[in-house]
Amino acid sequence: MRVTPTPDGVCFGVHVQPRASRAEICGPKDGELRLRLTSPPVEDAANKQCVELIAKTLGIAKSRVTIRSGGKSRHKVVQVEGIAPDALAILFREEEKTL
């Protein structure tokens, strides 16, 4: 899993699966964080749920999580402001985390 430090925080790749039976973080795979989302990929619903799931898991405000690129793709780059790369360890554990 590649995490890139930025002046404001960190960036990392995410692969989302919309319309799943439940929202959960599945852990790293092929260099990206895998997420399953219950929302469909229409009207930005899946992107909003992606941001909410990451923010809730990290215990931070949703406003600190943004999708930098890939808004219309399953492969996205997410930026989290105000945290260090080692603080993302909770996202990369193999156990499932649900919304």
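Above: the structure in question.
One structure accompanies this document, and this report is about it. (Residues numbered from 1 in each chain as written. Predicted model: local features only at pLDDT ≥ 70, side-chain atom pairs only at ≥ 80, totals over all residues. Heavy atoms only, no water.)

1. Structural notes on the side chain of glutamate 24
Then, in step 1: Relative to the assigned elements, glutamate 24 resides in strand E3 (residues 24-29).
Then, in step 2: Residue classification places glutamate 24 among the buried residues on the basis of a relative accessible area of 2%.
Then, in step 3: At a separation of 3.0 Å, a polar atom in the side chain of glutamate 24 contacts the side chain of arginine 22.
Then, in step 4: Within the structure, glutamate 24 has its side chain in polar contact with the side chain of arginine 36 (distance 2.5 Å). (Helix = DSSP H or I, 4+ residues; strand = E, 2+ residues; numbered from the N terminus. Buried < 20%, exposed > 50% of the residue type's maximum accessible area, 1.4 Å probe, protein only. Polar contact = N/O pair within 3.5 Å; in protein donor to acceptor, adjacent residues only side chain to side chain.)

2. So, the nonpolar core
Then, in step 1: Counting residues in hydrophobic clusters, the biggest one holds 23 residues, and the most contacted among them are Phe12, Val14, Leu35, Ile54, Val80 and Leu91.
Then, in step 2: Elements with a minimum of two residues in this core: strand E2 (9-17), strand E4 (32-36), helix H1 (45-58) and strand E6 (75-81).
Then, in step 3: By residue number, the principal contributor to this core is H1, which donates 7 residues. (Core = buried A, V, L, I, M, F, W, Y, C linked by side-chain atoms within 4.5 Å.)

3. Observations concerning the pattern of salt bridges
Then, in step 1: For the structure shown, the criterion picks out 2 salt bridges.
Then, in step 2: As a salt-bridge pair, glutamate 24 and arginine 22 come within 3.0 Å of each other at their nearest N and O atoms.
Then, in step 3: Of the charged contacts in the structure, one is a salt bridge between arginine 36 and glutamate 24, with a shortest N-O distance of 2.5 Å. Here arginine 36 is found in strand E4, whereas its partner glutamate 24 is found in strand E3, with 12 residues between them in sequence.
Then, in step 4: Each of the salt bridges in this network shares a partner with another, and the network as a whole consists of Arg22, Glu24 and Arg36. (Salt bridge = Lys/Arg side-chain N within 4 Å of Asp/Glu carboxyl O.)

4. Comments concerning the environment of lysine 72
Then, in step 1: Note on placement: lysine 72 falls in the loop between strand E5 (65-69) and E6.
Then, in step 2: Judged by its relative accessible area of 88%, lysine 72 falls in the exposed class.
Then, in step 3: Distance from lysine 72 to alanine 46, taken between C-alpha atoms, is 9.6 Å for residues 26 residues apart in sequence.

5. Quick notes on the state of the cysteines
Then, in step 1: Throughout the structure, instances matching the rule amount to 0 disulfides.
Then, in step 2: Between cysteine 50, a cysteine without a disulfide, and cysteine 26, which holds the nearest cysteine sulfur, the sulfur-to-sulfur distance is 12 Å.
Then, in step 3: Since its relative accessible area comes to 0%, cysteine 50 is described here as buried. (Disulfide = S-S within 2.5 Å.)

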